[in-house]
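Report on the structure
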Amino acid sequence: MMKFASFETIVEVLYKYAIPTPKNECSKPLQLGVSFAGGYVAGVLCAIVSHPADNLVSFLNNAKGATVGDAVKKLGLWGLFTRGLPLRIVMIGTLTGAQWGIYDAFKVSVGLPTTGGVAPAAVATELAKM
């Protein structure tokens, strides 16, 4: 959920504050780079949000018969949130960035605009008719 909830917002923020030219004047490679960067940041947020639960599930799977209380005692509350987090951030951030980059590259290959910014006038007109 975090990937989808944050990706488009992050891309729009990048175009608004980090890219000095309007999106429609940016090259396609730059737009795809923005998609990757937005996906990477969305992946980092996803990793941070889901990490405690993943640590808990891993602990419970490895320690048969253990309870949530056992996990908190063994790992500590801080450990549930931080144990293995840097590696997970790199892994999930890169994977998510690549996924969104591929998504937008496919959109470009079939003639659609990349994510972010205002929809082209023709698309906006068609959507308004619906």
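Thresholds, definitions, all that
- Residues numbered from 1 in each chain as written.
- Predicted model: local features only at pLDDT ≥ 70, side-chain atom pairs only at ≥ 80, totals over all residues.
- Heavy atoms only, no water.
- Helix = DSSP H or I, 4+ residues; strand = E, 2+ residues; numbered from the N terminus.
- Rg over C-alpha atoms; globule rule 2.2 N^0.38 Å.
- Buried < 20%, exposed > 50% of the residue type's maximum accessible area, 1.4 Å probe, protein only.
- Areas by Shrake-Rupley, 256 points an atom, 1.4 Å probe, with all protein chains shown as cover.
- Lys, Arg positive; Asp, Glu negative; His and termini not counted.
- Charge placed at Lys NZ, Arg CZ, Asp CG, Glu CD.
- Salt bridge = Lys/Arg side-chain N within 4 Å of Asp/Glu carboxyl O.
- Phe/Tyr/Trp six-rings, centres within 6.5 Å; stacked < 30°, edge-to-face > 60°.
- Axes fitted to C-alpha atoms, helices over the stretch in contact; angles between N-to-C directions.
- Parallel < 35°, antiparallel > 145°, perpendicular 65-115°, else oblique.
- Left-handed = near helix turned anticlockwise from the far one by under 90°.
- Contact = heavy atoms within 4.5 Å.
- Nonpolar A, V, L, I, M, F, W, Y, C, P; charged D, E, K, R; others polar.

Each helix and strand counted, the protein chain has five helices and zero strands in total. In the protein chain, the succession of α and β elements from N to C terminus is α-α-α-α-α. Whereas a compact globule of 130 residues would reach a radius of gyration of roughly 14 Å, the protein chain reaches 19 Å, over 25% beyond that. Its C-alpha atoms give the protein chain principal-axis dimensions of about 60 × 35 × 25 Å. Across the 130 residues of the protein chain, 31% fall into the buried class. Split by element, the accessible area of the protein chain, about 8,300 Å² in all, is 70% carbon and sulfur. Looking at charge distribution, the protein chain has the averaged site of its 11 positive side-chain charges lying 9 Å from that of its 7 negative ones.

The subject of this paragraph is the pattern of salt bridges. Inspection of the entire model under this criterion finds two salt bridges. Linking arginine 88 and aspartate 54 is a salt bridge whose minimum nitrogen-to-oxygen distance equals 2.3 Å. A residue pair is termed long-range when its members are at least 10 positions apart, and arginine 88 in helix α4 (residues 85–109) and aspartate 54 in helix α2 (residues 28–62) qualify at 34 residues. For lysine 107, the salt bridge identified is with aspartate 104, shortest N-O distance 3.7 Å. Pair noted here: lysine 107 and aspartate 104 are both in helix α4, with a separation of three residues, about one helical turn. Residues lysine 107 and aspartate 104 agree in their burial class; the two are buried.

Applying the stated criterion across every chain yields a total of four aromatic pairs. Centre to centre, the rings of phenylalanine 36 and tyrosine 40 are 6.2 Å apart; their planes meet at 45°, and the pair counts as tilted. You can see phenylalanine 36 and its partner tyrosine 40 sitting in helix α2, four residues apart, about one turn around the helix. What makes tyrosine 40 partly exposed here is its relative accessible area of 25%. Ring geometry for tryptophan 100 against tyrosine 103: centres 5.4 Å apart, planes inclined by 85°, an arrangement best described as edge-to-face. Residue tryptophan 100 and its partner tyrosine 103 are both found in helix α4; the two are separated by three residues, about one turn of the helix. Relative accessible area serves as the criterion here: at 11%, tryptophan 100 is assigned to the buried category. Judged by its relative accessible area of 39%, tyrosine 103 is partly exposed.

What follows is about the packing of helix α1 (residues 2–18) against α2. Remark: α1 packs on α2, axes separated minimally by 8 Å, with the N-to-C direction vectors making an angle of 135°. On the basis of the axis angle, α1 is oblique to α2. Where α1 crosses over α2, the two elements pack in a sense that is right-handed. Contacts between α1 and α2 pair Met2, Lys3, Ser6, Phe7, Ile10, Val11, Leu14 and Tyr15 from the former with Gln31, Val34, Ser35, Ala37, Gly38, Gly39, Val41, Ala42, Leu45, Cys46 and Val49 from the latter.

Where α1 contacts α4, the two axes come as close as 12 Å, and the packing angle between them is 60°. With respect to α4, the axis of α1 lies oblique. The crossing of α1 and α4 is right-handed. Judged by residue contacts, Lys3, Phe4 and Phe7 of α1 engage Thr96, Gln99, Trp100 and Asp104 from α4. Its residues placed into classes, the contact of α1 with α4 shows three nonpolar, two polar and two charged.

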